[in-house]
Amino acid sequence: MNIDYTVTALMFPAIPLIMGVYSNRFHTLSSLIRKIHDEYVFEKHTPPEWKDQLLNLEKRIGVLKLSILFAAFGFLFNMLTVFGLYLEELFIARIIFGSCCLSMMISIIFFIIEIQISTRALRLHLSDMDIQFKE
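Each residue is numbered by its place in its chain's sequence as written, counting from 1. In keeping with the model being predicted, local features are shown solely for residues with a pLDDT of at least 70 and side-chain atom pairs are shown and tallied solely at 80 or more, while totals for entire chains, interfaces and linings include all residues. Note that water and hydrogens are dropped before the side-chain values are worked out from all heavy atoms of the structure.

(A) Summary view of the nonpolar core. We define a nonpolar core as any set of buried Ala, Val, Leu, Ile, Met, Phe, Trp, Tyr and Cys residues linked to one another through side-chain atoms lying within 4.5 Å. Remark: exposure states derive from per-residue accessible area (1.4 Å probe, protein chains only) relative to the maximum for the residue type, with buried under 20%, exposed over 50%, and partly exposed in between. Core analysis: the biggest nonpolar cluster contains 18 residues, and M11 and M104 have the highest contact counts within it. For helices the rule is a DSSP run of H or I covering at least 4 residues; for strands it is a run of E covering at least 2, with both sets numbered from the N terminus onward. Elements with a contribution of two residues or more to this core: helix 2 (11-43), helix 3 (50-86) and helix 4 (90-125). Residues count as neighbours in contact if any of their non-hydrogen atoms are within 4.5 Å of one another. Residues within four places of M11 in sequence aside, it is in contact with P16, N78, F97, C100 and M104.

(B) Summary view of unusual backbone geometry. Notably, E88 is not glycine yet its phi reads approximately 60°, a positive angle. Along the chain, the position of E88 falls in the loop between helix 3 and helix 4.

(C) Layout of the packing of aromatic side chains. Within 6.5 Å between ring centres, the rings of Phe, Tyr and Trp (the latter by its six-membered ring) count as paired, and their orientation is classed by plane angle as stacked under 30 degrees, edge-to-face over 60, tilted in between. Taken as a whole and assessed by the stated rule, the structure comprises 4 aromatic pairs. Centre to centre, the rings of F70 and F110 are 5.8 Å apart; their planes meet at 25°, and the pair counts as stacked. Highlighted residues: F70 in helix 3 and F110 in helix 4, separated in sequence by 40 residues. Note on F70: relative accessible area 22%, which makes it partly exposed. A relative accessible area of 22% places F110 in the partly exposed class. Both rings, one in F73 and one in F77, keep their centres 6.1 Å apart while their planes meet at 20°; by these two values the pair is stacked. Of this pair, F73 and F77 both sit in helix 3, 4 residues apart, roughly one helical turn. Looking at F73, the relative accessible area reads 36%, which means it is partly exposed.

Right, dumping it as structure tokens:
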């Protein structure tokens, strides 16, 4: 495969887009945590599924952090690929670009896991209702 600036340019729109999605998820998650915290501290309201919700939120935070971390590495590797091409180090640029693609794939896998955990959180939230979920 011949690698040049156009190959690395393919990743430039994808990486900021996915980082925006992750940032929105993180913002939503942090808002939810603050809301639950305020309910507990100020209103002394503790729902029956409180402990399960907290464990779920903790998992989601950890997985989302890994998603963001690997996406950031993907962006860094993409920039290093451009730098390698600038220095005319084609072999090194190929290896770094492969690392970029691998980092982005790992990031997306962690994001899929976070979505699954998030779905379980919704089930916990609706656990006091008589609704049967299909797997």
